[in-house]
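Observations on chain architecture
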Amino acid sequence: MPQVECAAESYFTDFRKLERQRGLASEWVVSLRKEAMERFAELGFPTTKQEAWRFTNVAPLARVPFRLETHPGDGAPPRALDRALLKGVAAQLVFVNGIFNAKLSSLANLPKGVKVSSLGMALGTPNESLERHLSRHAGTKGRAFVALNAAFMQDGAFIEIADGTVLENPIHVVFARAEG
């Protein structure tokens, strides 16, 4: 499986780039990412010799180039995006190329007890419940793809709803891909 080994090396290279950038990430995030990448290095990509993956050959993933998105998704949105946006929602979070786009998002109609933002912004602020949650769910025991995902965690939707809070309108999350 030389292609898989080559693909894994490109992930290590991109992870080193991500480590140098760090951005707003808190120390616990940096530590979580590093532990996750170390776990992926131990595990490697799953193979058909492992029971859970015996019918799934992940080698084709090695042929798909991985590109670490590091710039904000503020470029031209995809033309089809206007059809994906909804009216009458409590909030709308729009991500272009995996990165939160504040210009296209709407967070103004939130009821009391609801926090909605970019995960990237939330990772840069102290938040014990977020740290506990991500540390628990990004646990990497025996799961290479979970480890890889945690290692490259940069952005996503952060939604926190207090107990007993009722939302009359939905929170809409849109992920779009802009080429170029």
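Parameters at a glance
Residues numbered from 1 in each chain as written. Predicted model: local features only at pLDDT ≥ 70, side-chain atom pairs only at ≥ 80, totals over all residues. Heavy atoms only, no water. Salt bridge = Lys/Arg side-chain N within 4 Å of Asp/Glu carboxyl O. Helix = DSSP H or I, 4+ residues; strand = E, 2+ residues; numbered from the N terminus. Buried < 20%, exposed > 50% of the residue type's maximum accessible area, 1.4 Å probe, protein only. Pairing = 2+ DSSP bridges. Arc of directions from axis to C-beta. Phe/Tyr/Trp six-rings, centres within 6.5 Å; stacked < 30°, edge-to-face > 60°. Core = buried A, V, L, I, M, F, W, Y, C linked by side-chain atoms within 4.5 Å. Contact = heavy atoms within 4.5 Å. Axes fitted to C-alpha atoms, helices over the stretch in contact; angles between N-to-C directions. Left-handed = near helix turned anticlockwise from the far one by under 90°. Nonpolar A, V, L, I, M, F, W, Y, C, P; charged D, E, K, R; others polar.

**As for the pattern of salt bridges**
- Enumeration over the complete set of coordinates arrives at 5 salt bridges.
- A salt bridge links D14 to K17, with the nearest nitrogen and oxygen atoms 3.5 Å apart. Linking D14 with K17, this pair stays in helix α1 (residues 2-21), spanning 3 residues, or about one helical turn.
- A relative accessible area of 8% means that D14 is categorised as buried.
- In this structure, the salt-bridge partner of E160 is K115, at a minimum N-O distance of 3.6 Å. Highlighted residues: E160 in strand β4 (residues 157-161) and K115 in strand β3 (residues 114-118), separated in sequence by 45 residues.
- On the basis of relative accessible area, E160 is assigned to the partly exposed category, the value being 24%.
- By relative accessible area, K115 is classed as exposed at 51%.

**Some thoughts on the sheet that holds strand β1 (residues 91-96)**
- Read from one edge to the other, the open sheet built from 3 strands follows the order β2-β1-β5, with strand pairing classed as mixed. The strands lining the two open edges of the sheet, one partner per strand, are β2 (99-100) and β5 (171-176).
- Inspection of the sheet shows β1 paired to β2 by 2 bridges, in the antiparallel sense. Bridge pairing in β2 links V96 to I99.

**Brief notes about helix α7 (residues 144-151)**
- Regarding α7, the residues found buried are A144, A147, L148, A150 and A151. The arc enclosing the buried residues of α7, seen along the axis, measures out at 165°, which places them on a common side.

**Looking at the packing of aromatic side chains**
- Inspection of every chain in the model, using the stated rule, returns 10 aromatic pairs.
- Ring pairing ties together the aromatic residues Y11, F12, F15, F40, F45, W53, F145 and F152, which thus form one cluster.

**Looking at the nonpolar core**
- Counting 30 residues, the largest nonpolar core has M37, F40, L123, L130 and F152 as the members making the most contacts within it.
- Elements represented by at least two residues in this core include exactly α1, α2 (27-43), α5 (119-122), α6 (128-137) and α7.
- Top contributing element to this core by residue count: α2, with 7 residues.
- If we ignore the near neighbours within four places in the chain, the residues touching M37 are Y11, F12, F15, L148, A151 and F152.

**Details of unusual backbone geometry**
- One non-glycine residue, N97, lies in positive phi territory at about 55°.
- Here N97 lies in the loop between β1 and β2.

**Some words on the packing of α2 against α7**
- Contact geometry of α2 with α7 gives a least axis separation of 8 Å together with a crossing angle of 145°. Two packed elements cross with a definite hand, and for α2 against α7 that hand is left-handed. Along its contact with α2, which presents R33, A36, M37, R39, F40 and L43, the element α7 presents A144, A147, L148, A150 and A151.
- Classifying every residue of the contact of α2 with α7 gives 9 nonpolar, no polar and 2 charged.

**With respect to the pairing of β5**
- Side chains H172, V174 and A176 project from β5 onto a buried face, and the interleaved I171, V173 and F175 project onto a face without burial.
- Pairing analysis gives 6 bridges linking β1 to β5, with the strands arranged parallel. Counterpart to V96 in the pairing with β5 is A176.

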